[in-house]
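Below, each chain spelled out in residue letters.
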Amino acid sequence: MDTVETVTADELVQDIQTGVFQQQLESLLPKFWSFFWSAIIALIVFFIGTRIIKGIIKVFHRAMSLKDVDPGVETFLESVLRWILYIILLTIILGLFGVTTTSISAAVAGLGVTIGLALQGALSNFAGGVLILLMHPFRVGDYIMEHASGQEGTVSRINIIYTTLQMVDGRLVQIPNGTLSAASLTNCTAQQYRLFNETVGISYDSDIKKAKEILLDIAQNSPHRTEDTPIQVFVSELADSAVLIGLRFPIAVDYYWTVKWETLEKIKTRFDEAGVEICFNQLDVHLKQNN
């Protein structure tokens, strides 16, 4: 006689749950393996792509060196090229995960206004960088003074967004290109020389002729003086407490600061030796005593 097996409600529920879990697992396994292999291929593509980008950048630098392109233009174009190549690489990697170019374009178009507002300053700096490279108010290696923020130094790099200045004390300062293109600035190395232009105040009792002779002799014997502009020694102003005597002579750009510091020291030393008094602010206090 055949026996009939009875199945309880708990066993039936357990069998159903086991079957559902197995079905879900079987449906997810192909997707998991697909994502896994896509991730592996993406890593390989990223590794190979970065090597290709570095190779393209090297070829770009070689081409620029053959064309003798300005270093600032070369640095700026390198930044633009690097950004474009990495965007292309990112697009290829996203395509491996099923994200099509059309989807990317639609997403960028949908966020266009938001991105434009968020990157308004960056776009302004980018446009400023383009203007700097087209108009050439300064180049890499020039010593500039930016009047808006009072920063000054040697231009070491012109990037896609910022220009890097190396200060006299070695600090590196980054200034947005938009600021440099819109504000006034002084290029101190645009010419082959830079003018030493200082005034020194002597007392009214001192010999003006002797003071001018000393300043002229210092300028004539100054190292790295160029012949572009003649030496000028003159009475600049008859001030309230001093006679201001000016001295102007050109100095080769590369030696400007050294010659300036040495010249100021020589003026003080030579004036002291000749008995020419350099005026400075003094405060006389008179005490009145009441009997």
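Residues numbered from 1 in each chain as written. Predicted model: local features only at pLDDT ≥ 70, side-chain atom pairs only at ≥ 80, totals over all residues. Heavy atoms only, no water.

Caption draft 1: Spatial organisation of the sheet that holds strand β1 (residues 143–146). Taken in spatial order, the five strands line up as β4-β3-β2-β1-β5 in an open sheet, and their pairing is antiparallel. Looking along the sheet, the strands with just one partner apiece sit at the ends: β4 (172–176) and β5 (185–187). Direction aside, the axes of adjacent strands within the sheet are offset by 40 degrees on average. Relative to strand β3 (residues 162–166), strand β2 (residues 151–158) runs antiparallel, the two sharing four bridges. Along β3, the bridge assignment pairs R157 with T164. (Pairing = 2+ DSSP bridges. Helix = DSSP H or I, 4+ residues; strand = E, 2+ residues; numbered from the N terminus. Axes fitted to C-alpha atoms, helices over the stretch in contact; angles between N-to-C directions.)

Caption draft 2: Region of interest: the packing of helix α7 (residues 208–220) against helix α8 (residues 256–274). At a minimum axis separation of 10 Å, α7 and α8 run at an interaxial angle of 145 degrees. When the axes of α7 and α8 are compared, the crossing they make is right-handed. The residues of α8 that touch α7, namely those facing K210, A211, I214, L215, D217 and I218, are T263, K266, I267, R270, F271 and A274. Residues of the contact of α7 with α8, tallied by class, amount to seven nonpolar, one polar and four charged. (Left-handed = near helix turned anticlockwise from the far one by under 90°. Contact = heavy atoms within 4.5 Å. Nonpolar A, V, L, I, M, F, W, Y, C, P; charged D, E, K, R; others polar.)

Caption draft 3: Quick look at the nonpolar core. Core analysis: the biggest nonpolar cluster contains 19 residues, and I202, L215, I245, L247, F249 and F271 have the highest contact counts within it. If you list the elements that add at least two residues to this core, you get β6 (193–202), α7, β8 (243–252) and α8. Aside from chain neighbours lying at most four places away, what touches I245 is E198, T199, V200, I202, I208, A211, K212, L215, V233, F234, V235 and S236. Of all hydrophobic cores here, the second largest spans 15 residues; its members include I158, L165, I175 and L180. (Core = buried A, V, L, I, M, F, W, Y, C linked by side-chain atoms within 4.5 Å. Buried < 20%, exposed > 50% of the residue type's maximum accessible area, 1.4 Å probe, protein only.)

Caption draft 4: Representation of a positive patch on the surface in the model. On the surface, R51, K54, K58 and R62 cluster together to form a positively charged patch. As for its placement among the helices and strands, R62 is situated in helix α1 (residues 9–67). The class of R62 is exposed, set by a relative accessible area of 59%. (Patch = residues over 30% accessible without salt bridge, like charges linked within 9 Å, V, L, I, M, F, W, Y side chains within 5 Å. Areas by Shrake-Rupley, 256 points an atom, 1.4 Å probe, with all protein chains shown as cover. Salt bridge = Lys/Arg side-chain N within 4 Å of Asp/Glu carboxyl O. Lys, Arg positive; Asp, Glu negative; His and termini not counted. Charge placed at Lys NZ, Arg CZ, Asp CG, Glu CD.)

Caption draft 5: Seen up close, α7. Helix length check: α7, at 13 residues, gives a terminal C-alpha distance of 18 Å against a target of 18 Å (1.5 Å per residue), a fit within 8%. Taken together, the buried positions of α7 are occupied by A211, I214, L215, I218 and A219. Seen from one end, α7 has its buried residues packed into an arc of 130 degrees, which puts them on one side. The secondary structure elements touched by the buried residues of α7 are β6, β7 (232–238), β8 and α8. Capping of α7 at its N-terminal end is provided by D207; its side-chain oxygen lies 3.0 Å from the backbone amide nitrogen of K209. (Expected span 1.5 Å × (residues − 1). Arc of directions from axis to C-beta. Polar contact = N/O pair within 3.5 Å; in protein donor to acceptor, adjacent residues only side chain to side chain.)

Caption draft 6: Structural detail: the packing of aromatic side chains. Going through the model one piece at a time under the given rule, you end up with four aromatic pairs. On the numbers, 5.3 Å between centres and 75 degrees between planes, the contact of Y256 with W257 is edge-to-face. An aromatic cluster is built from Y143, Y256, W257 and W261, whose rings are joined through pairwise contacts. (Phe/Tyr/Trp six-rings, centres within 6.5 Å; stacked < 30°, edge-to-face > 60°.)

Caption draft 7: Quick peek at the pattern of salt bridges. For the coordinates displayed, the defined rule picks out six salt bridges. Between R171 and D169 there is a salt bridge whose closest N-O contact spans 2.9 Å. Residue D169 is classed as exposed on the basis of its relative accessible area, which comes to 53%. Taking the shortest distance from any N to any O, the salt bridge between E227 and R225 comes out at 3.8 Å. Since its relative accessible area comes to 22%, R225 is described here as partly exposed.

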